[in-house]
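The chain contents come next:
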Amino acid sequence: MANSTSTSTLNVGVIGYGMSATIFHIPFITITPSLKLHSILQRNPKDSASSAPHDHPDVRHFTSLGQFLADGDLHVVIITTPPQTHFSIAQQALRAGKHVLVEKPFVPSAAEADILIDLAKEKGRLICVYQNRRWDSDFLTVQRLLAEGSTLGRIVEFETHFDRFRLDKPSNWKGTLRMDQGGSALYDLGTHLIDQVYVLFGMPKSIFATLASQRDGLMLGPQHPDVEPDSVTAQLFYDSGLIAFVRIAVASIETQQPRFWVRGTKGSYRKAGLDTQEPQLKAGMKTSDSSFGRESPEWNGKLTVLGDDGSMHEKDCPNVEPETYSKIYELFGKALVQNREQDVPVPASQARDVLRIIEAAKESARNRREVELS
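These lines cover the structure that appears in this document, whether it is placed above or below. Each chain carries its own residue numbering, running from 1 in the direction its sequence is written. Local features are withheld for residues below a pLDDT of 70 in this predicted model, meaning they are given only at 70 or higher, and side-chain atom pairs are given and counted only at 80 or more; totals for whole chains, interfaces and linings count all residues. Only hydrogens and water are removed before side-chain values are computed, so all heavy atoms of the structure are retained for them.

Here we take up the overall build of the protein. Each helix is a run of H or I in the DSSP string that is no shorter than four residues. Each strand is a run of E no shorter than two, and both are numbered from the N terminus. Counting secondary structure elements, the protein contains 12 helices and 16 strands. Computed over the C-alpha atoms, the radius of gyration of the protein is 21 Å, within 12% of the 21 Å expected from 2.2 N^0.38 for a compact globule of 374 residues. Exposure is judged per residue with a 1.4 Å probe applied to protein chains only, and the accessible area is read against the type maximum: over 50% gives exposed, under 20% gives buried, and values in between give partly exposed. Here the protein, with 374 residues, has 53% of them falling under the buried criterion. Residue contacts are defined here by distance: any two heavy atoms, one from each residue, within 4.5 Å place the two residues in contact. Taking the contacts inside the protein whose residues are at least 6 apart along the sequence as the reference set, 71% of them involve residues at least 24 apart. Only four residue types enter the charge count, namely Lys and Arg as positive and Asp and Glu as negative; His and the chain termini do not. Charge coordinates come from a single atom per side chain, which is NZ of Lys, CZ of Arg, CG of Asp or CD of Glu. Charge centroids of the protein, computed over 41 positive and 45 negative side chains, lie 3 Å from each other. Every radius of gyration here is taken over C-alpha atoms, with the globule rule written as 2.2 Å times N^0.38, N being the number of residues.

Here you go:
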């Protein structure tokens, strides 16, 4: 394989051709100057709803992993397959000398993450995890408010939600994979929310979690040890006294679903509604559209601040200027060209830390107790 530092454009191969590949990856690969869509691995294009050879006739196409990885012109592998396959595929890609970007959830366990981290160092290759919701505009707005410090003061409570009304169980891996395979709402959506808490506040001191199936009316615990949760309520505790709440629900009937609620000693911030990028991409909007990543004013957050006289004042708090999900590919592309691990936008070590929190949440829910994190 060519040394990635010897060229300013790197050949990218995508494994899988479902929604993840077509909506969240290929559109951003194709607009990143340092990256070129080079190949796609789709095992059965003739039997699939979408055909990679039909949609992308100008790139190389493969149906077997061995042949795909044996391509000496391939530099970077993007893994968009279901999570139970991530570890094996990433391991083989690294052994073949390729850089790797893995969809979330990274892998099912922190132990597997450590193996891949060590292998990447041994091979001199980079791993990035696709935690794209670090570039949600509402989350970037929260980051700005916390960085300012003076607006909200010391944060005492932080809530992050991913609530929906979806009583029908998904028929894809999101509704069939077990937690030990990287399935359930805890891994699918909890990975996003816990990652955002981790970015803002670091590793918690401890966690108490309740994992439930709202669809079935069951709660994971000693009496129901095999429940696969579609809903999560977790409290993450920090030495500063901060409590971060992570909430996921499928039985939430709201006209405006809650997203963030941040309470500080000088102010609070509330936001409803999910980031617009995913529905925009699913609807076919181009990343170059001037509306991409932007919300209408009715979805502005609300900022309440304490005046010098003790009075409270509420005002609209629009999102910051969107960076969009293109940013993760822009930053990863720069890290690849320079082959600099410290520039990877979402290092595997951070995804490993998030998996440690997830594993502690599972232990807490099963045993109905608070779990310490070293």
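Back to the write-up after that little detour.
Take a side-chain nitrogen of Lys or Arg and a carboxyl oxygen of Asp or Glu: if they are within 4 Å of each other, that pair is a salt bridge. Here the structure, examined in full by the defined rule, presents 23 salt bridges. Note that E330 is salt-bridged to K334, the shortest N-O span being 3.3 Å. With E330 and K334 both in helix 11 (residues 326–338), this residue pair falls 4 residues apart, about one helical turn.

Further remarks concern unusual backbone geometry. Generally, phi is negative for residues other than glycine and the peptide bonds are trans, each holding for most cases. Of note, the bond from K104 into P105 is cis; its omega dihedral lies within 30 degrees of zero at -10°. Here T324, not a glycine, exhibits a phi torsion of approximately 65°, which is positive. Its place among the elements puts T324 in the loop between strand 15 (312–317) and helix 11. Residue N339 is not a glycine yet carries a positive backbone phi of 55°. The residue N339 is located in the loop between helix 11 and helix 12 (348–367) in this model.

We now examine the nonpolar core. Among the nonpolar cores identified, the biggest contains 105 residues, and F68, F106, F158, I207, L236 and Y329 are the most heavily contacted of them. Broken down by element, the residue count for this core peaks at 9 residues, all from helix 12. Beyond its immediate sequence surroundings of up to four residues, L236 is in contact with V197, P204, S206, I207, L242, I243, A244, V246 and I357. Side-chain atoms within 4.5 Å link the members of a nonpolar core, which is a set of buried Ala, Val, Leu, Ile, Met, Phe, Trp, Tyr and Cys residues.

Turning our attention to helix 9 (residues 190–201). Here a helix's expected span is defined as the number of its residues, less one, multiplied by 1.5 Å. Between its first and last C-alpha, helix 9 extends 16 Å over 12 residues, near the 16 Å set by a 1.5 Å rise per residue. By the criterion of burial, helix 9 is predominantly enclosed, with 10 of the 12 residues buried. The complete set of buried residues in helix 9 reads G190, T191, H192, L193, I194, D195, Q196, V197, Y198 and L200. Backbone geometry just after helix 9 places G202 at a positive phi near 85°.

Turning our eyes to something else, we now look at a nonpolar patch on the surface. What goes into a patch is any residue over 30% in relative accessible area without a salt bridge, connected to like charges within 9 Å or, for nonpolar side chains (Val, Leu, Ile, Met, Phe, Trp, Tyr), within 5 Å. With residues, only the protein chains shown are counted as cover, and all accessible areas are computed by Shrake-Rupley using a 1.4 Å probe. A surface patch of nonpolar side chains, about 340 Å² in accessible area, is lined by F165, L167 and I253. Position of L167 among the secondary structure elements: in the loop between strand 7 (155–163) and helix 7 (173–176). For L167, a relative accessible area of 45% corresponds to the partly exposed category.

Once that is clear, we can look at the sheet that holds strand 1 (residues 10–15). For two strands to be treated as a pair, DSSP must find no fewer than two bridges joining them. Read across the sheet, 6 strands follow the order 3-2-1-4-5-6 without closing on themselves; strand pairing throughout is parallel. Only two strands of the sheet have a single neighbouring strand rather than two, namely strand 3 (60–62) and strand 6 (127–130). Within the sheet, the average angular offset between the axes of one strand and its neighbour, ignoring direction, is 25°. Bridging between strand 5 (residues 99–103) and strand 6 involves 4 bridges; their strand directions are parallel. Directly across from V102, in strand 6, lies its bridge partner V129. Where helices are involved, their axes are fitted lines through C-alpha atoms of the stretch in contact, as for all axes, and angles between N-to-C directions lie from 0 to 180°. With respect to the sheet, helix 1 (residues 19–29) is in contact with strand 1, strand 2 (35–41), strand 4 (76–79), strand 5 and strand 6, its orientation differing from that of strand 2 by roughly 150°. Across the sheet, helix 11 touches strand 1, strand 2, strand 4, strand 5 and strand 6, and the angle it forms with strand 6 is around 175°.

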